[in-house]
Amino acid sequence: MIKTDILIIGAGPTGLFTVFEAGLLKLRCHLIDALPQPGGQCAEIYPKKPIYDIPAFPEILAGELVANLMKQIEPFQPGFTLGERAETIEKTEDCSFIVTTNKGTKHHAPIVAIAGGLGSFEPRKPPITNISDYEDKGVEYIIRDPEIYRGKDVVIAGGGDSALDWSIFLTDIAASVTLIHRRNEFRGALDSVEKVQELKNLGRIELLTPAEVIDIVGNGKVEGVSIKQGADVFNRSCDHFIPLFGLAPKLGPIADWGLEIEKNAIKVDNTLDYQTNIPGIYAIGDVNTYPGKLKLILCGFHEATLMCQSAYQRIFPEKRYVMKYTTVGGVEGFDGSKKEAPKAVIKSID
């Protein structure tokens, strides 16, 4: 069983920043996320899209923001359970919590902070009647290990950043890459679109637009796909079909935890500490709702900061925490690292 001070459900920007604020209070964190890597939507859906409302960053790519947050929390050595969804929660006799994932991994903590953004993400599936028969048998909605495509024939469908970026990446791994999009225009970053066009011109990517996959061909595993392009329908042999149509947010099993829910969000009683109707369980970031709520990353950072102060008092009710500015106290990591401003040198004058 994994034990920690604060168990964070969701490893998006708000969840990651929670680690930093908790670390300043000497509280350890462990994060659970259904996605295979930290960063939430910023990493999975739009890593190359710019964000303009992060303080001190006139412009920063979503993927860079995640990378910076990961670097910022590194001294506090957070643990991660990735690729698993928080499924059930159990309250113990000492009023702490045991959270179990869909894969059976158990986590024990006195504080649970739900920072799941818009909820757990489930892939948007194309309207292909037999697609479920081939899931994990050549159909993948998320690329977790690119090495499984080495030397294979891959068909990718989609028109966003994820489809473009993975098509580019897999040209160096797969035997062949075919990218199919139902429109001629792509929704991804311009440099990615230009790179795909360049690879097409070099014969390293086959680009079919406007077109769509309408059926899967195979016997127990993917052997090809049926493609409609204009009035023509034809088959293309492949080992893997990867429809990258984005992820749909759902509150998921958390909705059954006894929390007060309002319009698919978790209601918090006040903006003092963002605690839910269950003491010890907090909701921060886009997953919560309260009067005046704004679904902004910077608001999630603020909520995480106040939540950690409340969590500290709940874990150590007998202690009085005196806040120190990082400009004064510095940042002392669990790994022994120490960041602090240089001390002024006082010299006596003769």
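Rules of the game
Residues numbered from 1 in each chain as written. Predicted model: local features only at pLDDT ≥ 70, side-chain atom pairs only at ≥ 80, totals over all residues. Heavy atoms only, no water. Helix = DSSP H or I, 4+ residues; strand = E, 2+ residues; numbered from the N terminus. Contact = heavy atoms within 4.5 Å. Polar contact = N/O pair within 3.5 Å; in protein donor to acceptor, adjacent residues only side chain to side chain. Buried < 20%, exposed > 50% of the residue type's maximum accessible area, 1.4 Å probe, protein only. Lys, Arg positive; Asp, Glu negative; His and termini not counted. Salt bridge = Lys/Arg side-chain N within 4 Å of Asp/Glu carboxyl O. Expected span 1.5 Å × (residues − 1). Pairing = 2+ DSSP bridges. Phe/Tyr/Trp six-rings, centres within 6.5 Å; stacked < 30°, edge-to-face > 60°. Lys NZ or Arg CZ within 6 Å of the ring centre and 35° of its normal. Core = buried A, V, L, I, M, F, W, Y, C linked by side-chain atoms within 4.5 Å.

1. Concerning the environment of Leu244
Then, number 1: Secondary-structure assignment places Leu244 in the loop between β18 (240–243) and β19 (247–250).
Then, number 2: Along the chain, Leu244 and Asn184 lie 60 residues apart, while their C-alpha atoms are 16 Å from each other.
Then, number 3: When near neighbours in sequence (up to four residues on either side) are disregarded, Leu244 contacts Tyr141, Ile156, Ala157, Gly158, Ser162, Ala163 and Trp166.

2. A short note on the side chain of Asn130
Then, number 1: With respect to the helices and strands, the residue Asn130 is situated in the loop between β11 (120–123) and β12 (153–157).
Then, number 2: Within the structure, Asn130 has its side chain in polar contact with the side chain of Asp215 (distance 3.4 Å).
Then, number 3: With residues up to four places along the chain from it excluded, the contact list for Asn130 reads Asp215 and Ile216.

3. Here's the deal with the side chain of Glu21
Then, number 1: Residue placement: Glu21 occurs in helix α1 (residues 13–24).
Then, number 2: It is Lys26 that comes nearest to the buried, bridge-free Glu21 among opposite-charge side chains, at 13 Å.
Then, number 3: Excluding residues that lie within four positions of it along the chain, Glu21 makes contacts with Thr305 and Cys308.

4. Remarks on α1
Then, number 1: Between the first and last C-alpha of α1 there are 17 Å, a value that for twelve residues agrees with the 16 Å anticipated at 1.5 Å per step.
Then, number 2: In terms of burial, α1 is largely enclosed, as eleven of its twelve residues are buried.
Then, number 3: For α1, the full list of buried residues reads Pro13, Thr14, Gly15, Leu16, Phe17, Thr18, Val19, Phe20, Glu21, Ala22 and Gly23.
Then, number 4: At the exit of α1 stands Lys26, carrying a positive phi of roughly 65°.

5. A word on the sheet that holds strand β7 (residues 86–91)
Then, number 1: Across the sheet, four strands lie side by side as β1-β9-β8-β7; this open sheet has mixed pairing. At either margin of the open sheet sits one strand with a lone partner, and together these are β1 (2–3) and β7.
Then, number 2: Bridging between β7 and strand β8 (residues 97–101) involves five bridges; their strand directions are antiparallel. Directly across from Ala86, in β8, lies its bridge partner Thr101.

6. Concerning the packing of aromatic side chains
Then, number 1: A full pass over the atoms with the stated rule returns seven aromatic pairs.
Then, number 2: Each ring, one from Phe17 and one from Phe301, has its centre 4.9 Å from the other, and the planes form 40°; the classification is tilted. Note that Phe17 is positioned in helix α1 and Phe301 in helix α6 (residues 297–315), a separation of 284 residues in sequence.
Then, number 3: Under the relative-accessibility criterion, Phe301 is labelled buried at 14%.
Then, number 4: Relative to Phe334, the ring of Phe76 has its centre 5.5 Å away and its plane inclined at 75°; by these criteria the two rings are edge-to-face. Taken together, the positions of Phe76 in the loop between α3 (62–73) and β6 (79–82) and Phe334 in the loop between β24 (331–332) and β25 (338–339) put the pair 258 residues apart, joining distant regions of the chain.
Then, number 5: The class of Phe76 is buried, set by a relative accessible area of 1%.
Then, number 6: One aromatic cluster is present, built from ring pairs that chain together Phe17, Phe20, Phe76, Phe301 and Phe334.
Then, number 7: Looking at Arg28, its charged tip hangs above the ring of Phe334, at a distance of 4.2 Å from the centre.

7. Brief notes about the nonpolar core
If you look at soluble globular proteins, the nonpolar side chains tend to sit buried side by side.
Then, number 1: Grouped together as the largest cluster of nonpolar side chains are 56 residues, with contacts concentrated most on Ile6, Ile8, Ile9, Ile51, Val99, Ile114 and Leu259.
Then, number 2: If you list the elements that add at least two residues to this core, you get β2 (6–9), α1, β3 (29–33), α3, β8, β10 (111–114), β22 (281–283) and α6.
Then, number 3: For this core, the element with the most residues is α6, which contributes seven residues.
Then, number 4: Counting residues in each nonpolar core, the second largest holds 19 residues, with Ile143, Ile156, Ala163 and Ile168 among its members.

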